[in-house]
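Examination of the molecular architecture
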Amino acid sequence: MAAAVAAADPRRGRLGREARASLAAFLLGASVAALPVALGSPAALLAAPGLRGRLALALHVAGVNAALLLLYPRPLYKIAVRACFLGFAFGCGLLLSAGRSAWCHFGWYMCSLSLFHYSEYLVTAINNPRSLSLDSFLLNHSFEYNLAALSSWVEFTLEKLLFPELKQITWLSTVGLLMVIFGDCLRKAAMLTAGSNFNHIVQNEKSDTHTLVTSGVYGWFRHPSYVGWFYWSIGTQVLLCNPICVVGYALASWRFFRERIEEEEITLIHFFGEEYLEYKRKVPSGLPFIKGVKVEL
C-alpha cells in the first residue's frame, strides 16, 4: 500500500543479503559502461559497435552471468540476474548518453527507466524487507504497463525515422529529465517516510502498530508516491519527445491513480476513521482534479 502509514520493523534500514546481492549485481551489469575504456574505443560504442564492439558486449553479458551463477545460489541468483539486467540497461544508457548520436536522449530514458525499477527493489529491501519479493522490481507490473512501455519505444523509433528533428529538441528532453528526477525522488521519499508498512500491494488489514503519517512529503500530498510516479511516467515521454505517448500516458496514469486512490482511501478511512478524514480535509491528494473518495456527511 502506498498509504501514509508506518509500522515498526527491527530489520528496517539494514542492508540484508538480498539488497547486497542486488546492489553488487546491478553494479556488475552497469560496468558495461567501462567497455569503451577497456577497448580504447569512443564512448558511442552502441551507436556504431562494429564486430569488435558486438563481441565485447556479448562477452561481457556471458561473463557477468557466469559470475552470478558461481556467486549466488538459486534464490539469490533470481534476484541478482534481474538487478544485473537493470544495471546493464543503465550502463548501456550511459554509453548512448555519452555519444553524439540521435539516440542520446533515448540513453537518458534507459538510465531513468532502469534506475527507477532497481531503486524500487532496493528501497523496499531496506525499508520493508518483510514484503520483499521478485515482484518488488515491478518488472511484471501489469500487461498494460508493459504495453505502454513498448508503445513508447515504437513511437520513438518511428518518429526518429520519419521526423528525426523531433527527437533532437534538447531543451524539451531536459524538461522531461527534470520531471523524471523530481517524480522518482518524490516517490522514494514517500516510500522512506511511510516506513516499513509501505507495500506495492494495497493492504486490507490493519496492524496494531500502524500509525497515520502526516509529516515530511505526506504534509504536502496525501499520496506522494502516486504523485511521483504520475509525473515520472509523463516525464519519460516528454524526455523522448513522444507527443502521442505524452497524451496517452497522462490520460492512462490519471485514470489509474484516480481509481487506485479511491480504493485505497476507503481502506484508510476504515483504518483510521476521523483521524484520516481530518487529514484528508487539510492535505490535497497531489494529483490534478483527483480529490479521492467522496464521504457522505
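With an unreviewed UniProt entry as reference, the chain is termed Protein-S-isoprenylcysteine O-methyltransferase, source organism Halcyon senegalensis. Listed under Sequence similarities (unreviewed entry) in UniProt, the entry text for the chain is "Belongs to the class VI-like SAM-binding methyltransferase superfamily. Isoprenylcysteine carboxyl methyltransferase family." In its Catalytic activity (unreviewed entry) section, the UniProt entry covering the chain states "[protein]-C-terminal S-[(2E,6E)-farnesyl]-L-cysteine + S-adenosyl-L-methionine = [protein]-C-terminal S-[(2E,6E)-farnesyl]-L-cysteine methyl ester + S-adenosyl-L-homocysteine".

Moving on: the pattern of salt bridges. Applying the stated criterion across every chain yields a total of 10 salt bridges. In this structure, Glu 120 engages Arg 187 in a salt bridge whose closest nitrogen and oxygen atoms are separated by 2.7 Å. Here the residue Glu 120 occupies a position in helix 5 (residues 104-127), and Arg 187 occupies one in helix 7 (residues 170-194), the gap between them amounting to 67 residues. A residue is classified by how much of its surface remains accessible, and Arg 187, at 2% relative accessible area, is buried.

Within the largest apolar cluster, 45 residues are counted, with the highest numbers of intra-cluster contacts made by Phe 106, Tyr 218, Trp 229, Trp 232 and Leu 287. Here this core takes 8 residues from helix 8 (residues 224-239), the largest share from any one element. Counting contributing residues, this core receives three or more from each of domain 1 (16-100) and domain 2 (142-292). Leaving out residues up to four positions away in the same chain, Leu 287 has contacts with Tyr 226, Val 227, Phe 230, Phe 257 and Ile 261. Counting residues in hydrophobic clusters, the runner-up holds 23 residues, among them Ala 21, Tyr 77, Ile 79 and Ala 83.

Two numbers describe how helix 6 (residues 143-162) lies on helix 9 (residues 243-272): the axes approach to 9 Å, and their chain directions differ by 160°. Of the possible angle classes, the one that applies to helix 6 and helix 9 is roughly antiparallel. Here the hand of the crossing between helix 6 and helix 9 comes out right-handed. Facing Ala 148, Ala 149, Ser 151, Ser 152, Glu 155 and Glu 159 of helix 6, the residues of helix 9 in contact are Pro 243, Ile 244, Cys 245 and Tyr 249. Split by residue class, the contact of helix 6 with helix 9 holds 6 nonpolar, 2 polar and 2 charged.

Here we take up the layout of surface pockets. Where empty space is left can be seen by rolling a probe of water-molecule size over the atoms. In this structure, the largest pocket spans a volume of roughly 500 Å³. Considering the residues around the largest pocket, the lining is formed by 19 residues, among which Glu 144, Tyr 145, Ala 148, Ala 252 and Ser 253 are closest to the centre. Elements supplying a minimum of two residues to the lining of the largest pocket: helix 5, helix 6, helix 8 and helix 9. Tallied by class, the residues present in the lining of the largest pocket amount to 11 nonpolar, 7 polar and 1 charged.

Parameters at a glance
Residues numbered from 1 in each chain as written. Predicted model: local features only at pLDDT ≥ 70, side-chain atom pairs only at ≥ 80, totals over all residues. Heavy atoms only, no water. UniProt positions renumbered as here; feature names shortened; annotations may be inferred. Salt bridge = Lys/Arg side-chain N within 4 Å of Asp/Glu carboxyl O. Helix = DSSP H or I, 4+ residues; strand = E, 2+ residues; numbered from the N terminus. Buried < 20%, exposed > 50% of the residue type's maximum accessible area, 1.4 Å probe, protein only. Core = buried A, V, L, I, M, F, W, Y, C linked by side-chain atoms within 4.5 Å. Domains from an automatic or database assignment. Contact = heavy atoms within 4.5 Å. Axes fitted to C-alpha atoms, helices over the stretch in contact; angles between N-to-C directions. Parallel < 35°, antiparallel > 145°, perpendicular 65-115°, else oblique. Left-handed = near helix turned anticlockwise from the far one by under 90°. Nonpolar A, V, L, I, M, F, W, Y, C, P; charged D, E, K, R; others polar. 1 Å grid on protein atoms, 1.4 Å probe; cavity = no way out; pocket = protein on both sides within 12 Å on 5 of 7 lines; lining within 4 Å. Points joined across faces, edges and corners; volume = space filled by probe spheres on them.

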